[in-house]
Structures are given as structure tokens and as C-alpha cells.
Amino acid sequence: MIRLIATLAATAAALPVLAQDDWTAFHGDLAARKYAPADQITPENVGRLQRAWEYHTGDLSDGSGDLPPTVWSATPVYANDTLYFGTPFYRIIALDPATGSEKWSYDSQTRLEALTQPALKNRGVAYWEDEGAEGACARMVYLGTMTATLHAVDADTGEPCAGFADNGILDVNRWNTTNDRWPLSLLQPPTVVEDTLVIGWAGKDWAMSEAPPGTVFGVDARTGERKWTVEFIPDEIRPRTGTANVWTAMSADPELGLVYIPVSSPSPNFWGGNRTEDIPLATSVTAVDVETGEIAWSRQLVHHDIWDYDTNAAPTLVDLDRDGETVHALVQTTKQGLLYVLDRETGEPIFDWEDREVPASDAEGEQAAPTQPFPTAPPPTNDPEAWPGVWWLADLVSFGSCSRRAEAMRYDGLYTPPSVEGTITYPATAGGMQWGGGSFDPETGLYYVNASRVVQEYRLIPREEYEDITGDSGAEQGYSEMEGAPYGFYLMNFNNWAGMPCWKPPFGTMTAYDLAAAEKVWEKPFGQIQRYGFYMPKSWGTPTIGGPVTTGGGVIFIGASIDARVRALDAGTGEELWWDNVMAPSVSNPAVFVHEGEQYVVFVAGGNSILKPEVGDQIVAYKLPPE
Amino acid sequence: MTHPRPVFLSATVVAALVGLGFSVWSYGAPMTGIDDTAGPILTALGHAGIALCAVLFLVMARGRAAWAGLGLLAALLTSVAGFMLMQPGITLSALVALGTLLIGLLLGDTA
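Anyway, here's the lowdown on the structure attached to this text. Position numbers for residues count from 1 along each chain, tracking the sequence in the order it is written. Written order determines the labels here, with chains lettered from A and ligands numbered from 1. Confidence filtering applies because this is a predicted model: local features only for residues at pLDDT of at least 70, side-chain atom pairs given and counted only at 80 or more, and all residues used for totals across whole chains, interfaces and linings. Water and hydrogen atoms play no part in the side-chain values, which are based on all heavy atoms of the structure.

## Points about the side chain of Asp395 of chain A
What counts as a helix is a DSSP run of H or I of at least four residues, what counts as a strand is a run of E of at least two, and both are numbered from the N terminus. When you line up the elements, Asp395 of chain A lands in helix α1 (residues 392-397). Residues count as neighbours in contact if any of their non-hydrogen atoms are within 4.5 Å of one another. Here Asp395 of chain A is in contact with Val390, Gly400, Ser401, Cys402 and Ser403 of chain A, once residues within four sequence places are set aside.

## Thoughts on the sheet that holds strand β2 (residues 50-56) of chain A
Residues and elements named next belong to chain A. Whether two strands pair comes down to DSSP finding at least two bridges between them. With antiparallel pairing, 4 strands are arranged side by side in an open sheet as β2-β42-β41-β40. Two strands close off the open sheet at either side, each with one partner strand: β2 and β40 (591-595). The sheet shows a mean angle of 25° between the axes of neighbouring strands, direction not considered. All axes are obtained by fitting lines to C-alpha atoms, using only the stretch in contact for helices, and the reported angles, taken between N-to-C directions, cover 0 to 180 degrees.

## Structural notes on the pattern of salt bridges
Residues and elements named next belong to chain A. One side-chain nitrogen of Lys or Arg within 4 Å of one carboxyl oxygen of Asp or Glu is enough to make a salt bridge. Inspection of every chain in the model, using the stated rule, returns 32 salt bridges over all chains. Arg48 is the partner of Glu627 in a salt bridge, and the nearest nitrogen-oxygen pair spans 3.4 Å. Here Arg48 lies in the loop between β1 (35-36) and β2 and Glu627 lies in the segment after β42 (618-623), a separation of 579 residues in the sequence. Burial classification: accessible surface area is computed with a 1.4 Å probe over protein chains only, and a residue below 20% of its type maximum counts as buried, one above 50% as exposed, and the rest as partly exposed. On the basis of relative accessible area, Arg48 is assigned to the partly exposed category, the value being 35%.

## What about the interface of chain A and chain B?
Contact with chain A, which involves 9 residues of that partner, is made by 13 residues of chain B. Accessible area, probed at 1.4 Å, shrinks when two parts are joined; the buried area is that loss added up over both. Here chain A meets chain B over a buried area of about 870 Å², counting both sides, of which 64% is carbon and sulfur. Scanning the region where chain A abuts chain B turns up 0 salt bridges. For the side of chain A that touches chain B, the residue count by class is 4 nonpolar, 4 polar and 1 charged. Ten residue types, Ala, Val, Leu, Ile, Met, Phe, Trp, Tyr, Cys and Pro, are classed as nonpolar, four, Asp, Glu, Lys and Arg, as charged, and the remainder, Gly among them, as polar.

## Observations regarding unusual backbone geometry
Residue and element names in this part refer to chain A. Following Ala377, the chain continues to Pro378 via a peptide bond in cis, the omega torsion being -5°. Mapping Pro378 onto the fold places it in the loop between β25 (371-375) and α1. For the peptide bond that leads from Tyr426 to Pro427, omega is -15°, which places it in the cis range. Relative to the helices and strands, Pro427 resides in the loop between β26 (423-425) and β27 (438-441).

## Points about helix α3 (residues 64-84) of chain B
An ideal rise of 1.5 Å per residue puts 30 Å on 21 residues; α3 of chain B measures up with 30 Å between its terminal C-alpha atoms. Every buried residue of α3 of chain B is listed here: Ala68, Gly71, Ala74, Ala75, Thr78, Ser79, Ala81 and Gly82 of chain B. Relative to the axis of α3 of chain B, the buried residues are bounded by an arc of 165° and lie together on one face. Facing away from the buried side of α3 of chain B, by more than 90 degrees, are the exposed residues Ala65, Leu77 and Phe83 of chain B. Lining the buried residues of α3 of chain B we find β35 (534-535) of chain A together with α2 (38-59) and α4 (88-107) of chain B. In the segment just after α3 of chain B, Met86 of chain B is the residue with positive phi, at about 60°. Multiply 1.5 Å by the residue count of a helix minus one, and that product is the helix's expected span. In this description, the arc belongs to the directions extending from the helix axis to the C-beta atoms.

## With respect to the packing of aromatic side chains
Aromatic ring pairs are reported here in terms of the distance separating the ring centres and the angle at which the planes meet. All names here are of chain A. What counts as a ring pair is set by centres within 6.5 Å for rings of Phe, Tyr and Trp (its six-membered ring), and what kind of pair is set by the plane angle: stacked under 30 degrees, edge-to-face over 60, tilted for all other angles. Throughout the structure, instances matching the rule amount to 29 aromatic pairs over all chains. Measuring from centroid to centroid gives 5.9 Å for Trp72 and Phe85, while their planes differ by 55°, and the two rings are tilted. Note that Trp72 is positioned in strand β3 (residues 70-72) and Phe85 in strand β5 (residues 82-86), a separation of 13 residues in sequence. Both rings, one in Phe270 and one in Phe489, keep their centres 3.9 Å apart while their planes meet at 5°; by these two values the pair is stacked. Of this pair, Phe270 sits in the loop between β18 (258-262) and β19 (284-289) while Phe489 sits in strand β31 (residues 487-493); the two residues are 219 residues apart in sequence, bridging distant segments of the chain. No difference in accessibility class separates Phe270 from Phe489, as the two residues are buried.

## Points about the pairing of strand β37 (residues 555-558) of chain A
Residues and elements named next belong to chain A. By the alternation rule, side chains of β37 split into Val555 and Phe557 and Ile556 and Ile558, which are all buried. With 3 bridges connecting them, strand β36 (residues 548-551) and β37 associate as antiparallel partners. The residue bridging Val549 from the neighbouring strand is Phe557, located in β37. If you look at the hairpin formed by β36 and β37, you'll find 3 residues sitting between the two strands, and Gly554 has a positive phi there, around 80°. Here 4 bridges tie β37 to strand β38 (residues 565-570), and the two strands are oriented antiparallel to one another.

## What about the nonpolar core?
Residues and elements named next belong to chain A. To qualify as a nonpolar core, a set must consist of buried Ala, Val, Leu, Ile, Met, Phe, Trp, Tyr and Cys residues joined through side-chain atoms within 4.5 Å. Core analysis: the biggest nonpolar cluster contains 55 residues, and Tyr84, Ile92, Val141, Trp387 and Phe494 have the highest contact counts within it. Counting residues per element, the ones that place at least two in this core are β4 (77-79), β6 (91-95), β7 (102-107), β10 (139-144), α2 (401-408) and β35. Discounting chain neighbours no more than four positions away, the residues touching Phe494 are Trp387, Cys402, Arg405, Ala406, Met409, Val455, Gln456, Glu457, Met500, Pro501, Cys502 and Trp503. Judged by nonpolar contacts, the second largest core, of 35 residues, contains Leu95, Phe557, Ala568 and Tyr622.

## Re the sheet that holds strand β20 (residues 295-300) of chain A
Residue and element names in this part refer to chain A. Here 4 strands make up an open sheet; going across it, the order is β17-β18-β19-β20 and the pairing antiparallel. Bordering the open sheet on either side are β17 (251-253) and β20, each of which pairs with just one other strand. Looking at each pair of strands side by side, their axes are set apart by 15° on average, direction ignored. Where β19 lies against β20, 5 bridges are found, and the strand directions are antiparallel.

Everything listed here is a matter of geometry and, on its own, says nothing about what the molecule does.
Below, the structure is given as C-alpha cells:
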């Protein structure tokens, strides 16, 4: 339940904004601001923050047994005086937010097979309520599965809602009529816009050329009936390519009736010789009418994407004061480290874009786009002109191997195409900014975002040679088969033999932007690398997955770092104010809400093998101790 | 009259055993953030080494310079390791062991 507590007179945002105690959506609200107005916890008292409770789901696997490993990136939903979340074993659990005791749980009984991902993944659940209605299924919780089913249960009891699809289970895969190379995995919860569920899906776009074409479905929240479908791959090229799907969160502006969709790249990720035609909706941010599914506008952020630069985060909707006028804008973060600020009514850039010439491909059959769009402002989180360079310490430890490998590879700035000799790619598919996106404080107009500074090696491997290499085509890092392409692919962090990054630190940052002025307010290394238990200097920072939440108390809460710590930062300065160790890296955004008059901050510690091979099943709630 | 060197070297042993305890505890305690890692195993070995060197220095007639040197080196490295593990218990006990060992060695055998 969203309550209108107050109209906030924002300095940057001219429009009133809703204040809320709840956290009813994946990113807190439909604007994906990741902002909680709660102000009990401040920079002055956050040091006293204590664990209120912790809960272990038991749903974890490190991959050493019969089950694949788990990647748990859920952000809990707080609604109906209950905390709801999904697990990587595809269960829904409802907890008492004050005590962490279980109210009910629901088991989808889905097969625990990593059909489209290297791991069993879940990012949580969605919540909907039928305004004014009472009784069974007047409030529902939705959970997607790897096998493409969407389960709807009563929010009070956890019982399946018989009136939704087939006794509470919607088989989304039946709408995949083009090819059935794999199921449309529902790992990200649907985005609930009034009475419509907007559903995207995940697949394995690194594995093959022909793949299910990207689709997003609008579904009736009560019945599960499909209202509309948006398709992102033109009909005529579907036999040769696919995906351009939507695997991450979306945002929406109910007043404009638009849902904002971050669309990923076409398949296969790193070779485009099979799809040299324009695919204008791929790697884009696209606005769609939430009632009809018609495309209102679309902006392609990468032409002919051959880097896996999926648009990977829900755009954050912000109202900016520009020259005395309020501009309804959105901010789209990217893996490339570029921030695009657009008018969310028209899709026009708020700050000018430039089409800059970019390097040509030297791989036979590839036709890289001659130009790419670069925003002139705000400044990027990662330098598009130069990678950080060889780190003397890693080079020393590797007896000069880092330097020799760097010299042997191709690098001509951002958008250097993958090549047979190897390409230094920075930022690469690991980012830049990841799918946690940024958070926006409407009171100050500041936007906070974490970014990784990871250099990766991209290498095309001729098919005959690839066949001789034993590779795991399902892995997100390492070898990708790219079936149907004349090349296989090798992707790995540019590390030395000891696992040290060959590039200079910092490896991750946290940045605050004044969006109206389009400038950085502060930028600091974020997180600490931990190896064998030893913490490296703070100035090195860490790569991150997950994102921040900002609060009305002037505190940023964030996990995301490789060191399995959750932190509180001063929103004004970026200074680290508090931290706690959790079971595994917290690779999602936290949830912040007020329950029975007390402010809670809840982190899920689930881990992600991309950061480190550590899994968790822990959910931890923090609050201030009694005075 | 009590000789100061055995007193200080005994204090070194006690501090190192306390550090050993902290290391073992850290290895098993999830809230430390270093559980199940190699770090606390190394500091446990370091603390055990400090204690052993101090005892051998006291009881052995030969090779005392080597035991003293090894003990100091182990204490120094364990202090640094404890600091990098961000474990005050391990670091502080290693620093106390280092300090008492150093003082004990400087004082000599006589009262």
C-alpha cells in the first residue's frame, strides 16, 4: 500500500513526489528511483545500526552436488505488512518484517535445472493488489521460474490463485511460437503497472545465433490473460538471429501510461555477421504504451551490438529543473559507463548526443557500425577513450606477461570490435554500470550509481580451432559456442596467472551526479578486494553487481561489493559510515521501509559466481536499537 | 628476584596463545568475514610460531639468536596479516607479542 504522506518540495524536482513507507516493487517504486523517504537512520546514528534478525532459506547450492550453483539476487518486497521474496529454488517465502519469522511459503515444484543460465537464478517476486477488493487473491504475489512459468499466489495465505491462468500457473512459453531452442526463463519478477503485469525473460544469447526473438508480454494481473506482445526482432531475420530480450527490471510512468523497457543485444552476443541489417529496437531503451503495447518511442544506445552491451537496468525516472522548467526525464545507465538522460515523454535527449566514428572490424564477415551515439553529458563513469593501462604490480608478479599480452591485443577505445588476435574491451560486458542501476534522491536531485572498472579480453576463435578446445558453452565467462557463427568466442577478465587484474585500480567506484547540472559531485573507490581473507587497500575498490538505495535520512545503503559486506555511505560525501559482513556478496539492491514505526534495511546475501565463487541463502534485516 | 626476560617472554607466549585463539575463532565465525579462508590459518600458524620461538629461546642453550630472529619476524608478519584481515584481536595480540618479545630480548638475563 502506497500512502501519500507528504508533498515534498524538491529542490531539483519541481513536481510533488509520493512519499512511501512501503517497498512494493523490485526497485521500491515504478520510477525505479530506489529511494526511501524514511529518515530515522541518518549519518549521525547509522553507526549504531544492528541486526534485527536474519533468516536462512536453505535454498542454496555451490554446484558441487547434483544441483547447479545458485545465484540469488532478490530484492524483497515489503507490502501488506509482510516481507515477500523468491528463492533460487523457485519458492516464495513470506516473513514477518519485525521478527523474520515465517508466515508461509509456497513451492513452485519447478525442475531445478539450469536450462538457460549457468546457475539457478532468482531476483525475487512481484506484488499486486486489487484496490478496494477483499477476499482470496485480492492481493497476489507472483514468482517466475527457469522453466517459463509464472505462479500467482494469495498474498495472505500463499495458496495458488485459481482464477489466474491455469489454477495459478501461467505457461509463458506457449507464446514462444518462433522456435523453442530454450524456455523463456522468468528470473526477473514482472513489473506491475496498475492491473498489468509486464513480463520479460532471460535466455542464453551467447550460445547460438538463432534463438527465441525478444518479446515482452503485457498480462492481466487478475486472470493471466495476455493483453499484448511487443517484439524486438524483425520477422524477416528471425531465422538468423534472436533475443534482444528484456531480462532486467523495467520502470513505468502510470500518468503517461508508458512502461520503459531496457532491451538487450541480439544473438549471438559477439558476432553480428549473421545480422548486418538494422535492428533498431535492439540494445535500446524503448517506451511502450502499457494498455496497448504500442511503441511510443525508442532510442538505440548501441548500433549493431557485438559486445553484449545489453541495456541492463531499469531507467530511473526523474523530474529535473532545467532553466526554470520541469523536465520529465529518465536516466539510462549502461554497461559502457555512459549515462543517457532522455525526455521520457518523447525520447529526445536532454543533453545532446554525438554520433562518433568508431573502429571498424577486421574479422571476416563482420560489419561493425561506423558510428555510435555518445552523450555529451553527464560525464561517464568509465573513460571511453582509454583503458586504465597495465598495473605495474600485476605486471611484476606476472614477469611482464600483462604488458606482453596487452601489446599483442587490439584496443582503439570503446567499441573496438572483437577480433581474432584478441581485443582489450573496456568497459566490457561486466560493466561499467550493472543491472542494479542508480538511485535518485528527489529532495536533493542527486543520482548515485556504482560502476565497475573491469577490463576483459574478447577473442574470436575460428570454428575449426574452437572445436578443438574443450569449452563450457553455457558459461557467462570463458568459452561461448556461438552456434551458427563462423567463430566461437573467448571472454575472460584480463588477469595474470595469480588472478590479479592486469589493469590499474580502482576496480570499482561510487559516483554522485547532480543530474540537472549534468556533473559529478563526488566519486570514490568503492568496496574492498578480499583474497584468502586478506583485505586490499580501500583505494583499489572492487567490481560490483547490485546497486544502491538512497534514503530521506541522507544515507546510501549498498551491498554489491566482492568482499561480502553491506555498507552505509554518507550521501553528501560518499564517506563510509557503517558496514557489516554477510554470508556472500549481496548482489541486488536492498529494500528500505518503515514497519510499525521503525525503519528497516534488508539485504539479501546470495552471491554471484561472476564476482566470487561464494553462495548464500541469508536475508538480514537491520534497524536502530531502542533509545 | 624474578628475572625480567622470562617474565616478558612468558607474556609473549600468553599473547601469542591468545592470538592463536582469535585466529581459530575467526576461521569458524561467519561474522568475521574471513571464515573458511586461508588468512586466519596463516595467522594461527604465525601465533603458534611466535610462542614456539619464545619457549625455545628460553629453554635452548644453542641457536638463541635464530629463535629470537624467527620469533620477531613471525610477530611482525602476523601483525601485518592481522591488520590486512581487519581483525583487531589477531593484530593486537601479535603486536603485544612483538613488543614483549623485543623488550625481553633487550633486557637480558639478569635482574
